[in-house]
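# Structure assessment
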Amino acid sequence: DQQVKQNSPSLSVQEGRISILNCDYTNSMFDYFLWYKKYPAEGPTFLISISSIKDKNEDGRFTVFLNKSAKHLSLHIVPSQPGDSAVYFCAASPNYGGATNKLIFGTGTLLAVQP
Amino acid sequence: GAGVSQTPSNKVTEKGKYVELRCDPISGHTALYWYRQSLGQGPEFLIYFQGTGAADDSGLPNDRFFAVRPEGSVSTLKIQRTERGDSAVYLCASSLNGGTETQYFGPGTRLLVL
């Protein structure tokens, strides 16, 4: 049972435009959410996070939005750059401030930013 | 400073063999995590160490999988009697103190069981 879902396996965007990556979750106990970026043959790299007490977190070109009632979060990248081309994973943790913070990942979305 | 390193980067073995995968976390990080990523999937949690002890091993798929961290630094993931379904990329991550501290991932070990 996939608790974190990324329903778009791929997304293509023109350079300079906005990229919007979506993620849905099913477990209402999740209270901390993250986005990781992964290039081929490398490990995932942390991008941005948000706790359930917020609905928006912004870091430069990256903004994450959380809609708890819809159990939905999204990552906005604006403006998109060719170097942003990578696989983006949404992840959730059920233990904010808890003992493990193991991460539960979605299946990823491959973003291609066209020059 | 140095990031998380994992050795070997690639491992090919035969069904039924024993393998060990090594993880060197970032110096000073007390928390260490193992994940497994199968083709087309996201990383899947296996086990979490806080210091030398396994605080959460709920993700280990069966008793063929075992991990140790005897001195609270380097960790070894051990797989006995490997099966073709064990083929995956095994990722290690570390964080400063666990909790919501950022997990930093290594490049992974790509395991292929023939």
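Read on for a plain summary of the structure. (Residues numbered from 1 in each chain as written. Chains lettered and ligands numbered in written order. Predicted model: local features only at pLDDT ≥ 70, side-chain atom pairs only at ≥ 80, totals over all residues. Heavy atoms only, no water.)

### Considering the pattern of salt bridges
Scanning the model with the defined rule gives five salt bridges over all chains in all. Residue Asp-84 of chain A is joined to Arg-61 of chain A by a salt bridge in which the shortest nitrogen-to-oxygen separation is 2.8 Å. Here Asp-84 of chain A, found in the loop between strand E8 (72-77) and strand E9 (86-93), pairs with Arg-61 of chain A, found in the loop between strand E6 (56-59) and strand E7 (62-67); they are 23 residues apart in sequence, far enough to count as distant. The exposure class of Asp-84 of chain A is buried, given its relative accessible area of 2%. Between Glu-83 of chain B and Arg-64 of chain B there is a salt bridge, with the nearest N and O atoms lying 3.6 Å from each other. You can see Glu-83 of chain B sitting in the loop between strand E8 (75-79) and strand E9 (88-95) and its partner Arg-64 of chain B sitting in the loop between strand E6 (53-56) and strand E7 (65-68), a full 19 residues away along the chain. Here Arg-64 of chain B falls in the buried class, since its relative accessible area comes to 6%. (Salt bridge = Lys/Arg side-chain N within 4 Å of Asp/Glu carboxyl O. Helix = DSSP H or I, 4+ residues; strand = E, 2+ residues; numbered from the N terminus. Buried < 20%, exposed > 50% of the residue type's maximum accessible area, 1.4 Å probe, protein only.)

### Quick notes on the pairing of strand E5 (residues 44-50) of chain B
Residues and elements named next belong to chain B. Most of E5 sits inside the fold, with five of its seven residues counted as buried. Pairing of strand E4 (residues 31-37) with E5, which is carried by six bridges, proceeds in the antiparallel orientation. Looking at E5, one finds that Tyr-35 is bridged to Phe-45. Connecting E4 to the next strand, E5, in antiparallel fashion are six residues, including Gly-40 with a positive phi near 80°. Sheet topology places E5 next to E6; three bridges connect them, and they run antiparallel. Counterpart to Phe-49 in the pairing with E6 is Ala-54. Between E5 and E6, which pair antiparallel in sequence order, lie two residues; one of them, Gly-51, sits at a positive phi of approximately 70°. (Pairing = 2+ DSSP bridges.)

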